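Spelled out, the chains give:
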Amino acid sequence: MCLAVPGKVLDIEERDGTRMATVDFGGVVKEVCLEYVPDLKVGEYAIVHVGFALQRLDEESARQTLALFEELGLLQEEFSDPWEAAAPEGWDGAGGTPPAARNDGARETSR
């Protein structure tokens, strides 16, 4: 799912001619492009979708929305690593074969 999520602008800088911000989404911090909301300032909130700030938002609305998303588990879903979520249980991702693909004799076989 791809949500538009409210976030608080922590820092703004220009990078290669593009206004970029560090934005806090209830504890998850990401880099965001500010080109669609060029007058956004540090400390203000914005609705962000796929890395772009789309609209300024008041603090109360932002906090209420973040609390609701957190309660519904949508922040974890939105910001989690899709590779980590798809990894088989017990696999640390450090290389090697995932547990479900190993033939180490631990699984029962029918005859």
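Treat the numbers as computed from the prediction; the structure is a model and nothing was measured. (Residues numbered from 1 in each chain as written. Predicted model: local features only at pLDDT ≥ 70, side-chain atom pairs only at ≥ 80, totals over all residues. Heavy atoms only, no water.)

S.K.: Looking at this structure, I do not really get the pattern of salt bridges. What am I missing?
M.R.: Taken as a whole, this structure holds five salt bridges when the rule is applied. In this structure, the salt-bridge partner of aspartate 39 is arginine 56, at a minimum N-O distance of 3.4 Å. Here arginine 56 lies in strand β5 (residues 52–57) and aspartate 39 lies in the loop between β3 (28–33) and β4 (45–49), a separation of 17 residues in the sequence. In this structure, the salt-bridge partner of glutamate 44 is arginine 56, at a minimum N-O distance of 3.3 Å. Here the residue glutamate 44 occupies a position in the loop between β3 and β4, and arginine 56 occupies one in strand β5, the gap between them amounting to twelve residues. Relative accessible area serves as the criterion here: at 33%, arginine 56 is assigned to the partly exposed category. Connected via shared salt-bridge partners are Glu13, Arg15 and Glu31. (Salt bridge = Lys/Arg side-chain N within 4 Å of Asp/Glu carboxyl O. Helix = DSSP H or I, 4+ residues; strand = E, 2+ residues; numbered from the N terminus. Buried < 20%, exposed > 50% of the residue type's maximum accessible area, 1.4 Å probe, protein only.)

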